[in-house]
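Coordinate analysis (summary)
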Amino acid sequence: MFNLLKKRFSEILEKISNKGIITEKNIKVTLREIRKSLLEADVALSVVKKFIHNVKKKSLGKKFNTSLTPGQEFIKIIKHELIQKLGNDDNTLKFSKKPPSIYLIVGLQGMGKTTSIGKIGQLLHKQYKKKVLNVTTDTYRFAAVKQLELLSLQTQIDFFLFKENNDPKEIAINSIKYAIKKSYDVVLIDTSGRLHTDQKMMLELQDIYKTINPTETLLVVDSMLGQDVTNIAERFSTLVNITGIILTKMDSDTKGGVALSIKELTQKPIKFVGNGEKLDAIEIFNSQKIANRILG
Ligand code: GDP
């Protein structure tokens, strides 16, 4: 990362090197470049502004007694700030002391919720040897039910069958009762994502959340979202207490600035990154890797 940044800003850095101290004047152009590259990476404007403000505050007037030039020192500050903002926090999945652990997966339609459930279920089953039950409360879309049923079959995870006349909250409650009875370690619950069009669905999600009191509530966010991420973060934060983020579609050509936006807007750790349509295309979030991509 250091080399990448150095290359990108080399001309500007030459101008501020060998001056012994970082001043407003000698970082002005660099800050403008950083701002531009963050916006190009699709970081939300409000987040960019805050980031630049922090970097400026931390670097102005800084003197050096290291072998680094002020230009190099400044880049170190930017890199450090970005990695810190992306989170050095604990991004492992929490398990409930008393099984089953219940994970409620929320997010707008098309973000990758159902696919992520397929991936996480498989990961928990294969790597953590957990007995997993997949559940969907999105009874409004027949395709959504079939999609999770098929994913469950492919990953050899049990799928909770519900009665046709059950409502979403009842399905969630019944699936947990069933999981307790059958000694499952984990229940993964999918939800409807049509919240932006329907007030009833928003209240329904909130009702499910309050009733089942999940071990984790994970918000699924598409890395190609751009500035819309602000509204989404706000909406879901008012409905449920998000405990973590799943960032999907990082295999697209986005630079992934949404990672910084969502982290800043929710102050919750990014736990997983989805990087493909295949069921093993998921990894634990790595802040250094994303920082490279955003600024590189
Ligand atoms: P949901 O409506 O939120 O449940 O979203 P889906 O899980 O149905 O995903 C919507 C689309 O995004 C599907 O075509 C998925 O295959 C695709 N998708 C999900 N995650 C990823 C990912 O990490 N990378 C790519 N390339 N596509 C993904």
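See above for the structure.
One numbering rule holds for all chains: residues counted from 1, following each sequence as written. It should be noted that, the model being predicted, local features are given only for residues of pLDDT at least 70 and side-chain atom pairs only at 80 or more, the latter also being counted only at that level, while totals for whole chains, interfaces and linings use all residues. Computation of side-chain values: all heavy atoms of the structure, hydrogens and water removed.

1. A short note on the site of the ligand
The local shell around the ligand holds 16 residues, among which Gly110, Thr114, Thr115, Asp251 and Glu277 are the closest. Under this definition, polar contacts are N or O atom pairs within 3.5 Å; protein pairs additionally need one hydrogen-donor-capable and one acceptor-capable atom, and for neighbouring residues in sequence, both atoms have to be side-chain atoms. Side-chain polar atom of Thr115 to an oxygen atom of the ligand: 2.5 Å apart, as the coordinates give it. Gly276 is positioned with one of its backbone polar atoms (N or O) 3.3 Å from an oxygen atom of the ligand. Residue-level accessible areas treat just the shown protein chains as cover; the underlying method is Shrake-Rupley with a 1.4 Å probe. A total of 580 Å² of accessible area belongs to the ligand in isolation, and the protein chains cover 79% of it. A per-element tally of the shell around the ligand places helix H6 (residues 113-126) first, with four residues. Whether a residue is near a molecule or strand depends on its heavy atoms: if one lies within 4 Å, it is near. For helices the rule is a DSSP run of H or I covering at least 4 residues; for strands it is a run of E covering at least 2, with both sets numbered from the N terminus onward.

2. Examining the sheet that holds strand S7 (residues 270-274)
Neighbouring strands of a sheet are bound in pairs by backbone hydrogen bonds; such pairs are parallel or else antiparallel. Note: two strands are recorded as paired if DSSP finds a minimum of 2 bridges between them. The mixed open sheet is built from eight strands, whose spatial order is S3-S2-S4-S1-S5-S6-S7-S8. Only two strands of the sheet have a single partner each, and these edge strands are strand S3 (158-159) and strand S8 (282-284). Relative to S3, strand S2 (residues 132-136) is paired through two bridges, and the arrangement is parallel. Bridged to Asn134 within S3 is Phe159.

3. Some words on helix H8 (residues 168-181)
One less than the number of residues in a helix, times 1.5 Å, gives the span that helix is expected to have. Between the first and last C-alpha of H8 there are 20 Å, a value that for 14 residues agrees with the 20 Å anticipated at 1.5 Å per step. Along H8, the residues that are buried comprise Pro168, Ile171, Ala172, Ser175, Ile176 and Ala179. When H8 is viewed along its axis, its buried side chains cluster within an angular range of 130° and face the same direction. Facing away from the buried surface of H8 by more than 90 degrees, the exposed residues are Lys177, Ile180 and Lys181. In this analysis, two residues are considered to be in contact whenever any of their non-hydrogen atoms come within 4.5 Å of each other. Taken together, the buried residues of H8 touch strand S1 (101-106), S2, strand S4 (186-190) and helix H9 (199-212). Exposure categories follow from relative accessible area, calculated using a 1.4 Å probe and restricted to protein chains: below 20% of the type maximum is buried, above 50% is exposed, and the middle band is partly exposed. The arc in question is the one traced by the directions running from the helix axis out to the C-beta atoms.

4. Section: a nonpolar patch on the surface
Taken together, the side chains of Phe95, Tyr128 and Ile284 define a hydrophobic patch exposed on the protein surface, amounting to about 270 Å² of accessible area. As for its position among the elements, Ile284 is in strand S8. Each patch groups residues whose relative accessible area exceeds 30% and which form no salt bridge, using 9 Å between like charges and 5 Å between nonpolar side chains of Val, Leu, Ile, Met, Phe, Trp and Tyr. The term salt bridge refers to a pairing of a side-chain nitrogen on Lys or Arg with a carboxyl oxygen on Asp or Glu at a separation within 4 Å.

5. Quick notes on the packing of H6 against helix H7 (residues 142-155)
Where H6 meets H7, the axes come as close as 10 Å, and the angle between the chain directions of the two elements is 25°. Here H7 runs roughly parallel to H6, going by the angle between their axes. Once H6 is placed against H7, the crossing between them reads as right-handed. In contact with Thr114, Thr115, Ile117, Gly118, Gln122 and His125 of H6, H7 contributes Gln147, Leu148, Leu151 and Thr155. Angles here are taken between N-to-C directions and fall from 0 to 180 degrees, while the axes themselves are lines fitted to C-alpha atoms, restricted in helices to the stretch in contact. Throughout, the term roughly parallel applies to angles under 35 degrees, roughly antiparallel to angles over 145, roughly perpendicular to angles from 65 to 115, and oblique to all others. It is the rotation of the near helix from the far one that decides the hand of a crossing: anticlockwise by less than a right angle makes it left-handed, clockwise makes it right-handed.

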